[in-house]
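# Working through the structure, step by step
This is what each chain is made of:
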Amino acid sequence: MTDLRLVPAALAAWTAAVVAVGARPAPVLVAACVCAVLAATVAAAGAARRAVPGSWGQAVLVVACVAAVLVSSGVQLAARAAGGLEELAEDGATVRVTATVRSAVEPRLNPWTGAADRHEVRVEALEVTARGVTAPATGPLVVAGPGDGWDELAYGARVEVVGQLAADGDRTFVRTDAAPRVLAEPSAPLRGVRAMREGILDVTTGLSPQARGLVPGVAVGDTSRLEPELDEAMRTTSLTHVTAVSGGHFAVVVATVAALCVALRAPRVVRVLVTAAAMVGFVALVHPEPSVLRAAAMGAVGLVGALLGRPSRAVAALAGAVVVLLVLDPWLARSYGFVLSVAATAGLALGTAPIARRLAPWCGRTAAHVVAVPVAAQVACAPVVVLLDPSVSLYAVPANLVAAPALGPATVLGVLATLLAPVWPAAATAVAAVAGACTWWLAAVARLFAGLPAARVPWPGGVGGLLLLAAASVVVLAVLLRSRRLAALGERREVRRGGRDPLQGTVESLTASLRRWRRRGAGARTPSAPGGRPRPRSRQPARVLRAAVLVVLLVVAVGMLVRPAALRGGAVPDDWAVVACDVGQGDALVLRSGPVSAVVVDVGPDGPAADRCLDDLGVRRVDLLVLSHFHADHVGGLEEVLEGRAVDRALVTATRDPAEQTGRALGLLEVAGVRVDVARPGDAATAGSGEDAVRWEVLQAGPAADGGEGGANDASVVLLAEVRGADVVALGDLEDAGQDALVDELARRGTGPVDVVKMAHHGSRTQSSALAAALSPTVALVSSGENTYGHPTDHALDLYRGAGAAVLRTDTCGTVALVVREGTLSAAGCGDTARP
């Protein structure tokens, strides 16, 4: 029976942590004192009344865990507040920070040039100097900026950085113009870890592209060389855990060490000590990410139980690990990585056995368990993933099922190559090559399933989407697990098979066949059954093969049938009028001008995102392509868009900055034979015909009259368009001067209010309250994705909400579609709204 006694305490502690880390220190500490007193009172009352230990003990445990989390949260919040980082971030102060590096440096694309010349690294603050005052400080910061020298930042090094503080939700950024200066190198053990991490990169340099990216990824979580196309395929098929160094990797490594100890017949104490050392070493090697910490804490609980001769159960160990980690770091409660890790482990612990029991009569116990593992993990994690990406991976379970055999060997061999790299590079290279053969299978599986029809289908985003998918999953599992009819059919099938495991029978049959072939090679006769007749050949392998083929064909057929409904009748309705495509951190706005044609404003960053969005919308011709300005997050996807359809005309800004992106974009348009015109204020025309015709006009193009400091951003082409009676304004990336100039132009023309506004610069803090008031849109669209700039800012969102707009964001909603029905503007999907 599953031990759930620690689950209420873990859930209560988690809830307390989520609330506490967003509060002030004083009330959190007061609540901690109240909980401590309450726990003592309940314990005393239970002892006095000699109550049943289970009920009263459970209550004491829950309240005590909450108190521990609140005490830890309050103390850490007070320490962070003492340094003043929060107040300085709110003011956007320029600071000098001394800190310790707490992550590997991650490259980031420059949204202006498209090059990966920006970097990001997490640090723990030690001291801050601001406004002439130096004070101790504590708390996590994210340092982001351009330049060289970032590769010299080793995990554990003490550094100094000068930059501007900025708050973005729960994260605080230091935006700098140069790499932090190293004050002190990390300790000797951490230098050894760095040598191993750099070594695995060196020994995989000569391998195939997939191996160069995946072997370091599965070994230590380094995805710096992972091909973007392969990375996207792994996201599509829910295989990102392969390079995320999840608890699964931790379990594989620790299980391998434990198995070696058992094989060597080491005593229990020795096994525990060696396994514990392996756990600590692996945590140091991959860096203490949330999923690794969860797995390490759970493993530590299990090791203590093994040392005491009382092995812990999975759910109890997980709950205990959650409480311990939340006491140490309450901010883990708001970490998606930690949530996904715990959800996956809980799903495996609670769901694998019942799902396997129900599947066993149909495919045997072994195959049932193999299938149940990815099903349980996907059911537990998919609702959480919807918060990050509002879509569902249709082939996640079969992809993970097929990839599973290669993941364990790839992980073990990758880690072994990492350990050997600093001391024996030749051997490490050979081991890494074998690991690369395993990762080839992982890459092939990801690409195969990502290429199938409807590999990823839209799903409502936000909390509503999470609850909807969770409810649907629970209903389906309840029907499958509690259906008496299915149970009866399974029991009858089990009786007919005589309880024999088909997979085990297949293995035995293949083994017998191999023995017969060997006998024949030696001149022996095929064994006969009693009576002299040849033994009948097992039909089990053929049955299994036929079943596998039928499953694959069924999956492909279902995908082909689901694709049109999912893309055309789901999140994006057939009568869409305006669509903000989810292209990540960039812009791509589509205005319908015909059944298969559209006006497109910007094409997003480099990659196929904008092209896929247009494909999903059925756009085969672009009547007008507007490139608001030449920054990479607006023109990067041009090549794919041009290859996928005909483009009649392009309208571009006169400001050719940056030069590299300008040359690339104009060159692609020339090769494609597209007519290119420089936009000028007052330019106007009609695109398309009939009821879908789009009447458009350029409101502003080129830098503001006073010059300003917005550069290419203020040179953005600002477009006013009428789509099915709805007025739409696309603001490009206008900064202060550009927005102020537009306010004057709108006042001169008497334009406003409008129906839809594509908010300027991805919802940056630079927003004009006068412009928001002049436009007073019904809907404000914000196109943004993962970024280090804090886009969209609360200031921008609140400003347009205050102007009466319903704000829809692609980073939380995915692709957003607007429709106009009987004169009413409505949003399909996330944040549905309807306005006349």
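These numbers were taken from a predicted model, which means no experiment stands behind them. (Residues numbered from 1 in each chain as written. Predicted model: local features only at pLDDT ≥ 70, side-chain atom pairs only at ≥ 80, totals over all residues. Heavy atoms only, no water.)

It is worth spelling out the overall build of the chain at this point. The number of helices and strands found in the chain is 27 helices and 27 strands. When the 836 residues of the chain are sorted by exposure, 47% land in the buried category. For the chain, the share of sequence-separated contacts (at least 6 apart) that also reach a separation of at least 24 residues comes to 70%. Just so you have it, the chain exposes about 38,400 Å², and 61% of that area is on carbon and sulfur atoms. (Helix = DSSP H or I, 4+ residues; strand = E, 2+ residues; numbered from the N terminus. Buried < 20%, exposed > 50% of the residue type's maximum accessible area, 1.4 Å probe, protein only. Contact = heavy atoms within 4.5 Å. Areas by Shrake-Rupley, 256 points an atom, 1.4 Å probe, with all protein chains shown as cover.)

The next subject is the state of the cysteines. What the rule picks out here adds up to 1 disulfide. Just so you know, C33 is unpaired, no disulfide at all, and the nearest cysteine sulfur is the one on C35, 9.4 Å from it. For C35, a relative accessible area of 16% translates into the label buried. (Disulfide = S-S within 2.5 Å.)

Below, the discussion takes up the sheet that holds strand β24 (residues 806–809). Pairing within the open sheet is mixed, and its 7 strands lie in the order β18-β19-β20-β21-β22-β23-β24. The open sheet has two edge strands with one neighbour each: β18 (684–687) and β24. Adjacent strand axes in the sheet meet at a mean angle of 20° when their direction is disregarded. Pairing between strand β19 (residues 694–700) and strand β20 (residues 718–723): 6 bridges, direction antiparallel. In the sheet register, E697 faces β20, and the bridge partner there is L720. Sheet strands in contact with helix α24 (residues 736–749) are β19 and β20, and its direction is about 120° off that of β19. Its contacts with the sheet place helix α26 (residues 794–802) against β22 (756–758), β23 (779–782) and β24, and it is angled at close to 145° to β24. (Pairing = 2+ DSSP bridges. Axes fitted to C-alpha atoms, helices over the stretch in contact; angles between N-to-C directions.)

Before going further, it helps to examine the packing of helix α14 (residues 396–420) against helix α15 (residues 425–450). At a minimum axis distance of 8 Å, the contact between α14 and α15 shows a crossing angle of 160°. With respect to α15, the axis of α14 lies roughly antiparallel. Remark: the crossing between α14 and α15 carries left-handed chirality. Among the residues forming the contact of α14 with α15, the class breakdown is 24 nonpolar, 2 polar and no charged. (Parallel < 35°, antiparallel > 145°, perpendicular 65-115°, else oblique. Left-handed = near helix turned anticlockwise from the far one by under 90°. Nonpolar A, V, L, I, M, F, W, Y, C, P; charged D, E, K, R; others polar.)

On to helix α9 (residues 268–286). Under the 1.5 Å per step criterion, the end-to-end length of α9 is 27 Å for 19 residues, consistent within 8% with the ideal 27 Å. Residues V272, T275, A278, M279, F282, V283, L285 and V286 constitute the buried set of α9. For α9, the buried positions fall inside an angular range of 160° around the axis, keeping them on one side. Seen from the buried face of α9, the exposed residues on the opposite side, beyond 90 degrees, are L273, A277 and V280. Where α9 ends, the next residue or the one after it, H287, has phi of about 75°, a positive value. (Expected span 1.5 Å × (residues − 1). Arc of directions from axis to C-beta.)

Function cannot be read off these values alone, since they describe shape.
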